[in-house]
Amino acid sequence: MTLSSSTRERLLDAAEEIFAREGYRAASLRAITTRAVVNLAAVNYHFGSKPELLEAVFTRRLQAMNRARVHGLALVLESARAAGRPPKARKLIEAFVEATLEHARSGPGERNFMALVLRSLSDTDHTVKRAFEDFMKPTFDALRAAMAEALPALAANELWWRLQFALGAMIRMHHLALAAESGGNNPSQPAVAEAIRLLTDFVHAGLSAPPAARSGHAASAQGEPS
């Protein structure tokens, strides 16, 4: 963060850092404005409230990334449909992962944001969960719809669960790639490139495994959590 940045950007950088380190509920607006070197009224002027500041933090990182993810999925689907065949699950995974990592390296502060994302996955605060899920739901729905075309043998509820596990692995890979960068490694070096390949192999194997055999009672008892 530099004082040459705009007040709004400094507030976003500071909020991202402090929300990630302390959690949304524990983070105070005074701590954020002190870190941003602005007065307390600047939050209300630029964002209106603490929840709206949190939403803006998610918007800044996720909006462009999610557009790129959905666009990558759409290109794979269009190519498959033009060829008159189902899309390949591996191609969909590659498009999703490449879009994620490309935007992960698009600017400073991403490591703080990934720490915030990891917190958001387990945060019991309704404000955080709602803000994160609102941003992720359209992208997750696009991924699920694309994978349903690629893997029609999977029941909808089983595909939902497998995608949850796959996204967990992707988030972990994202975090490790950023950690490698901060340690002075180039993300194009073989170690990270190999990790991306291994991630793709792992996710593809999990998603493409034969449908689980289960009793009628077990099948009816499973579904998407509310």
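Before reading further, recall that the structure is shown in the block above.
Described in the following lines is the structure provided in the data block. (Residues numbered from 1 in each chain as written. Predicted model: local features only at pLDDT ≥ 70, side-chain atom pairs only at ≥ 80, totals over all residues. Heavy atoms only, no water.)

**Some remarks on the overall build of the protein chain**
Helix and strand counts for the protein chain stand at ten helices and zero strands. Within the span of the protein chain, comprising 226 residues, buried residues form 41% of the whole. Taking all contacts inside the protein chain whose residues are at least 6 apart in sequence as the whole, residues at least 24 apart take part in 74%. About 11900 Å² of surface is accessible on the protein chain, with carbon and sulfur atoms providing 56% of the total. (Helix = DSSP H or I, 4+ residues; strand = E, 2+ residues; numbered from the N terminus. Buried < 20%, exposed > 50% of the residue type's maximum accessible area, 1.4 Å probe, protein only. Contact = heavy atoms within 4.5 Å. Areas by Shrake-Rupley, 256 points an atom, 1.4 Å probe, with all protein chains shown as cover.)

**A word on the packing of helix 4 (residues 50–82) against helix 7 (residues 126–150)**
As a packed pair, helix 4 and helix 7 sit with axes 10 Å apart at the nearest point and diverge in direction by 0°. Put simply, helix 4 runs roughly parallel to helix 7. On the side of helix 4, the interface is formed by Pro51, Leu54, Glu55, Phe58, Thr59, Leu62, Asn66, Arg69, Val70, Leu73, Leu77 and Arg81, while helix 7 contributes Thr127, Val128, Ala131, Phe132, Phe135, Met136, Thr139, Ala142, Leu143, Ala146 and Glu149. In terms of residue class, the contact of helix 4 with helix 7 is made up of 15 nonpolar, four polar and four charged. (Axes fitted to C-alpha atoms, helices over the stretch in contact; angles between N-to-C directions. Parallel < 35°, antiparallel > 145°, perpendicular 65-115°, else oblique. Nonpolar A, V, L, I, M, F, W, Y, C, P; charged D, E, K, R; others polar.)

**Some thoughts on helix 7**
Spanning 25 residues, helix 7 covers 34 Å between terminal C-alpha atoms, matching the ideal 36 Å at 1.5 Å per step. Along helix 7, the sharpest kink reaches roughly 40°, centred on Met136 and followed within four residues by the proline Pro138. Taken together, the buried positions of helix 7 are occupied by Thr127, Val128, Ala131, Phe132, Phe135, Met136, Thr139, Phe140, Leu143, Ala146, Met147 and Ala150. (Expected span 1.5 Å × (residues − 1). Bend = angle between axes of the 7 residues up to and from the residue.)

**Overview of the pattern of salt bridges**
Taken as a whole, this structure holds 15 salt bridges when the rule is applied. Of the charged contacts in the structure, one is a salt bridge between Arg60 and Glu9, with a shortest N-O distance of 2.9 Å. With Arg60 in helix 4 and Glu9 in helix 1 (residues 7–22), this residue pair connects regions lying 51 residues apart in the sequence. For Glu9, a relative accessible area of 31% translates into the label partly exposed. (Salt bridge = Lys/Arg side-chain N within 4 Å of Asp/Glu carboxyl O.)

**Thoughts on unusual backbone geometry**
Positive phi is not limited to glycine here, since Val37 has a value of about 60°. Secondary-structure assignment places Val37 in the loop between helix 2 (29–36) and helix 3 (41–46). With relative accessibility at 51%, the residue Val37 sits in the exposed group.

**Focus on the side chain of Arg69**
Tracing the chain through its elements places Arg69 in helix 4. Arg69 gets classed as buried once you look at its relative accessible area, which sits at 7%. Excluding residues that lie within four positions of it along the chain, Arg69 makes contacts with Phe96, Ala99, Thr100, Met136 and Thr139.

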